Amino acid sequence: MKDVIIVGGGIAGCTLAWQWHLQGKSILWIADDTVASSHVAAGVFNPVVLKRFSPVWNAQEQLDLLFPFYTQVQSYLSEPLLHLKPVWRRLHDEKERKTWTRKSMREDLDNLMVTNPIDDSIEGIEAPYGYGMVNHTGWLDTNVYMQGSFEYFKKREEFELAIFDYAALNINKDHVTYQDREANAIIFAEGIRLPENPWFKNLPLQGNKGEILIIKCAGLKLDQIIKSSVFLMPFKEDLFWVGATYDRDYIDSDATEVARDYLISKLDTFLKIPYEIVDQKSGIRPTTVDRRPFVGNHPELKNLYVFNGMGSRASLVAPWASKLLFEKMYTGTEMPAEMDISRFQN
Ligand SMILES: Cc1cc2nc3c(=O)[nH]c(=O)nc-3n(C[C@H](O)[C@H](O)[C@H](O)COP(=O)(O)OP(=O)(O)OC[C@H]3O[C@@H](n4cnc5c(N)ncnc54)[C@H](O)[C@@H]3O)c2cc1C
């Protein structure tokens, strides 16, 4: 009998797999290899909302868990997973410089925002009003995370590359049976495919399409993640990640010319050296009406859990939220009501 079955192979499913494994539990992890939001994500984690200069919900608690969690996971993988890079928010005018300084002194932000704007120049980037620097930021290589995790758990015979067949799940009072395997519980982490799940399909998940560009810019030497109207992030060698768009009214998940033009127009406002577009990617973020994850268990079927709605911050939220779910399942600890799916019970 396994402790848990996990369904879904994106950032959410990977994080559950490691959370359970690192705490000594046995898993059966089932995921297919469809390209999803997690394959497109730059994996940036950043504890400040850079539009309004406010802290992300529970940012400090999430950061406190993020670093030890991914560092521990990294020790099992053959490639680097966590890349610590400062985020430099390009300031748009004098007023914004003043707002940055003022907000950075707030008690809930002083550990996250560096007070004095930076006036260093970066060759190729126009920033007449300088930058505000955010602490405790970086990016998670999501493809290394997923591929490395699949391989690790496959070797342990705890991973199966397959589409989960909902009809093959039998739910008993104290355990579930999937085909010929038994487990104490099952957690679904299917991202935007949540509506296919017979037990959790009514949760009000909203898709939000995002597109990014990968550019090649040989002349740009960047050791920071620049945030202006779009992110510009050093990726590999001369490659940089530019994104992203947000679109709730999408028709399909394909890359579009409209998004490409939008990203180029925003990038050209501050990147002043030639570059070449080498790729464009798109995906659908699993977002929620109240911007809080969907975590918790089915109101009647106590062995069925959901872990979804990571929005645009999966790499920051998932280690923290998965730990709280683990504690809820094994010690009965309450989770923050804002993310518990019982908020939709009525
Ligand atoms: C353009 C873009 C940029 C982004 N940038 C960032 C960023 O910088 N930082 C950040 O933190 N987040 C970012 N995000 C958001 C992030 O990608 C999502 O929050 C995250 O990927 C959601 O992960 P998930 O595992 O819940 O869902 P998904 O990524 O959708 O993964 C779910 C997986 O489960 C599989 N699955 C579903 N149903 C089944 C089934 N029945 N059987 C088997 N497998 C199944 C799917 O095929 C999929 O592989 C970005 C998103 C986009 C689109």
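Nothing here was measured: the structure is a model prediction, and the numbers come from that model.

Procedures and definitions
- Residues numbered from 1 in each chain as written.
- Predicted model: local features only at pLDDT ≥ 70, side-chain atom pairs only at ≥ 80, totals over all residues.
- Helix = DSSP H or I, 4+ residues; strand = E, 2+ residues; numbered from the N terminus.
- Rg over C-alpha atoms; globule rule 2.2 N^0.38 Å.
- Buried ≥ 20, exposed ≤ 12 C-beta atoms within 10 Å, placed from the backbone.
- Contact = placed C-beta atoms within 7 Å.
- Arc of directions from axis to C-beta.
- Pairing = 2+ DSSP bridges.
- Axes fitted to C-alpha atoms, helices over the stretch in contact; angles between N-to-C directions.
- Near = placed C-beta within 6 Å.
- Nonpolar A, V, L, I, M, F, W, Y, C, P; charged D, E, K, R; others polar.
- Domains from an automatic or database assignment.

S.K.: Looking at this structure, how should I read the overall build of the protein chain?
M.R.: When helices and strands are counted, the protein chain shows seven helices and 20 strands. Expected size for 346 residues packed as a compact globule is a radius of gyration near 20 Å; at 21 Å, the protein chain falls within 12% of this value. Split into buried and exposed, the 346 residues of the protein chain put 45% on the buried side. Considering only residue pairs separated by 6 or more positions, the protein chain has 72% of its internal contacts joining residues 24 or more positions apart.

S.K.: When you look at helix 6 (residues 257-267) in this model, what are you seeing that I'm missing?
M.R.: Three or four residues apart is the spacing at which side chains of an α-helix point the same way, because the helix has 3.6 residues per turn. When we look at burial in helix 6, the residues that qualify are Ala-259, Leu-263 and Leu-267. What you see down the axis of helix 6 is that its buried residues fit within an arc of 65°, all on one side. Turned more than 90 degrees off the buried face of helix 6, the exposed positions are Glu-257, Val-258, Asp-261 and Ser-265. Residues of helix 6 that are buried in the fold lie against strand 14 (205-216), strand 16 (231-236) and strand 17 (239-243).

S.K.: Looking at this structure, how should I read the sheet that holds strand 8 (residues 131-134)?
M.R.: Sheet strands pair via backbone hydrogen bonds, and the direction of the pair is either parallel or antiparallel. The strand order across the open sheet formed by seven strands is 8-7-15-16-17-14-18, and the pairing between neighbours is mixed. The open sheet has two edge strands with one neighbour each: strand 8 and strand 18 (276-288). Pairwise comparison of adjacent strand axes, ignoring direction, gives a mean angle of 25° for this sheet. As paired elements, strand 16 and strand 17 share five bridges and run antiparallel to each other. Bridging from a neighbouring strand, Pro-234 pairs with Phe-240 of strand 17.

S.K.: Is there a simple way to think about the environment of Lys-95 in this case?
M.R.: Considering the arrangement of structural elements, one finds Lys-95 in helix 4 (residues 94-104). Measuring from C-alpha to C-alpha, the distance between Lys-95 and Glu-334 comes to 43 Å, with 239 residues separating the pair along the chain.

S.K.: Quick question: what am I supposed to make of unusual backbone geometry here?
M.R.: Going from Gly-243 to Ala-244, the amide bond is cis rather than trans, its omega being 0°. Mapped onto the elements of the fold, Ala-244 is located in the loop between strand 17 and helix 6. Even without glycine at this site, Phe-53 takes up a positive phi of about 55°. Take Phe-53: it is sitting in the loop between strand 4 (48-49) and strand 5 (54-55). When the 20 C-beta atoms within 10 Å are taken as the criterion, Phe-53 is described as buried.

S.K.: Can you walk me through the sheet that holds strand 6 (residues 82-84) in this structure?
M.R.: On the basis of which strands lie adjacent, the open sheet formed by three strands has the order 3-9-6 and antiparallel pairing. Only two strands of the sheet have a single partner each, and these edge strands are strand 3 (44-45) and strand 6.

S.K.: I tried to follow the site of the ligand on my own but got confused; where do I start?
M.R.: Surrounding the ligand, one finds 42 residues, the nearest of these being Gly-10, Ser-38, Ala-41, Gly-191 and Gly-210. Listing elements by their share of the shell around the ligand, those giving two or more residues are helix 1 (11-22), strand 2 (27-31), helix 2 (37-40), strand 14, strand 18 and helix 7 (314-331). For the shell around the ligand, a count of residues per class yields 20 nonpolar, 16 polar and six charged. When residues of the shell around the ligand are assigned to domains, at least three fall in each of domain 1 (2-42 + 142-204 + 290-344) and domain 2 (206-288).

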